[in-house]
Amino acid sequence: DNVTIRYEFQRQLFVNTLAQTNGFSGDLPASSKNFGGIWTRTITNSIVSEFRAFYQKIGVEFGGCSAVQAGCIPGPLDIGSAVTNITFPTLNGRSLLSIGPATNLPQGRVGKVYQLADNISWSHGKHSLIFGAEYKHLNEVSPFLPNFNGAFGFSSAARIINNAPSSIGLTVGDPTLAFTEDDQYYFVQD
């Protein structure tokens, strides 16, 4: 018997990574965990089993600030309080800055994976067989819905003055996508 156990943990905080030239900023915090083990067992002189069990978790946010400040892109769970994105035309050869964060912010995800697998190696005569199975359970939560707070575009100065956008983008619905998934894999090789 041979048993291996592994635990890894990582945390990072990229402060003000989402800084933009139009005055909006946001952090990019992330963390991950990986815990699991492998049990290799020699059953007979010709049969060896390798069993693996793992748990993995990753979390990342695009938005949120470590300090309350003007122009902070809110965290993903506060998507409803994000500022609307407004883009302006080029006037007299000069590009005007947009107002508001990018239409794909804030967003984030937390994913968990549970994994079980077993591989059997069997040497028999002229054959070297290996077969196995794997099961994965995924659990994902992703707060993300582009244009949830709207996006307005103006193509001319007249449209700006008359408050008549030339394009409007607005998405409605639940901004949090949550799902689970169960996967199975089987194989045989000689």
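Residues numbered from 1 in each chain as written. Predicted model: local features only at pLDDT ≥ 70, side-chain atom pairs only at ≥ 80, totals over all residues. Heavy atoms only, no water.

Student: Mind showing me how you'd approach the overall build of the protein chain here?
Tutor: Across its full length, the protein chain holds 1 helix and 11 strands. Walking the protein chain from its N terminus toward its C terminus, one meets helices and strands in the order β-β-β-β-β-β-β-β-β-α-β-β. Over its C-alpha trace the protein chain gives a radius of gyration of 26 Å, far above what one expects of a compact globule, namely 16 Å for 190 residues. Split into buried and exposed, the 190 residues of the protein chain put 27% on the buried side. For the protein chain, the proportion of contacts with a sequence separation of at least 24, taken over those separated by at least 6, is 65%. Carbon together with sulfur atoms contributes 56% to the accessible area of the protein chain, which is approximately 12,000 Å² in total. (Helix = DSSP H or I, 4+ residues; strand = E, 2+ residues; numbered from the N terminus. Rg over C-alpha atoms; globule rule 2.2 N^0.38 Å. Buried < 20%, exposed > 50% of the residue type's maximum accessible area, 1.4 Å probe, protein only. Contact = heavy atoms within 4.5 Å. Areas by Shrake-Rupley, 256 points an atom, 1.4 Å probe, with all protein chains shown as cover.)

Student: Help me understand the packing of aromatic side chains in this model?
Tutor: Aromatic ring pairs are reported here in terms of the distance separating the ring centres and the angle at which the planes meet. Under the counting rule described, the total for this entry stands at 3 aromatic pairs. Between Y55 and Y114, the ring centres sit 5.1 Å apart and the planes meet at 45°, which makes this aromatic pair tilted. Of this pair, Y55 sits in strand β3 (residues 47-62) while Y114 sits in strand β7 (residues 107-124), placing them 59 residues apart in sequence. Using a relative accessible area of 22% as the deciding quantity, one classes Y55 as partly exposed. Where F88 meets F154, the ring centres are 6.0 Å apart and the plane angle is 15°; that geometry is what we call stacked. Taken together, the positions of F88 in the loop between β4 (85-87) and β5 (90-91) and F154 in the loop between β9 (151-153) and α1 (157-161) put the pair 66 residues apart, joining distant regions of the chain. Residue F88 is classed as partly exposed on the basis of its relative accessible area, which comes to 24%. (Phe/Tyr/Trp six-rings, centres within 6.5 Å; stacked < 30°, edge-to-face > 60°.)

Student: Help me out: how do you make sense of the pattern of salt bridges in this one?
Tutor: It is possible for side chains of opposite charge to pair when their charged atoms get near one another. Throughout the structure, instances matching the rule amount to 3 salt bridges. For R41, the salt bridge goes to D1, with nearest N and O atoms at 3.0 Å. Residue R41 is located in strand β2 (residues 28-42), and its partner D1 is located in the segment before β1 (2-14); the two are separated by 40 residues in the primary sequence. The partly exposed category is assigned to R41, whose relative accessible area is 38%. Overall, the relative accessible area of 67% leaves D1 in the exposed class. (Salt bridge = Lys/Arg side-chain N within 4 Å of Asp/Glu carboxyl O.)

Student: Help me understand the sheet that holds strand β11 (residues 176-189) in this model?
Tutor: Each strand in a sheet pairs with another by means of backbone hydrogen bonds, the pair being arranged parallel or else antiparallel. Read from one edge to the other, the open sheet built from 6 strands follows the order β1-β2-β3-β7-β8-β11, with strand pairing classed as antiparallel. The open sheet terminates on both sides in strands that have one partner only, identified here as β1 and β11. Neighbour to neighbour, the strand axes of the sheet diverge by 5° on average, direction disregarded. Two strands pair when backbone bridges link them, and strand β8 (residues 127-143) and β11 are joined in this way by 14 bridges, in the antiparallel orientation. Note on β11: the bridge partner recorded for F131 is V188. (Pairing = 2+ DSSP bridges. Axes fitted to C-alpha atoms, helices over the stretch in contact; angles between N-to-C directions.)

Student: Just checking my understanding: could you explain unusual backbone geometry for this structure?
Tutor: What you tend to see is this: most non-glycine residues have negative phi, and most peptide bonds are trans. Each neighbour pair has its own omega, and for L105 with P106 the value is -5°, a cis peptide bond. Tracing the backbone shows P106 in the loop between β6 (94-95) and β7. A positive phi angle, near 60°, is found at N147, a position not held by glycine. With respect to the secondary-structure elements, N147 resides in the loop between β8 and β9. Here the phi dihedral of N163 falls at roughly 50°; this positive angle occurs in a residue that is not glycine. Positionally, N163 belongs in the loop between α1 and β10 (167-169).

Student: I'm lost on the side chain of Q115 in this one. Help?
Tutor: Within the element layout of this structure, Q115 appears in strand β7. A polar side-chain atom of Q115 sits 2.6 Å from a polar atom in the side chain of E134. Excluding anything up to four places from it in sequence, Q115 contacts R52, A53, F54, Q56, E134, Y135 and K136. (Polar contact = N/O pair within 3.5 Å; in protein donor to acceptor, adjacent residues only side chain to side chain.)

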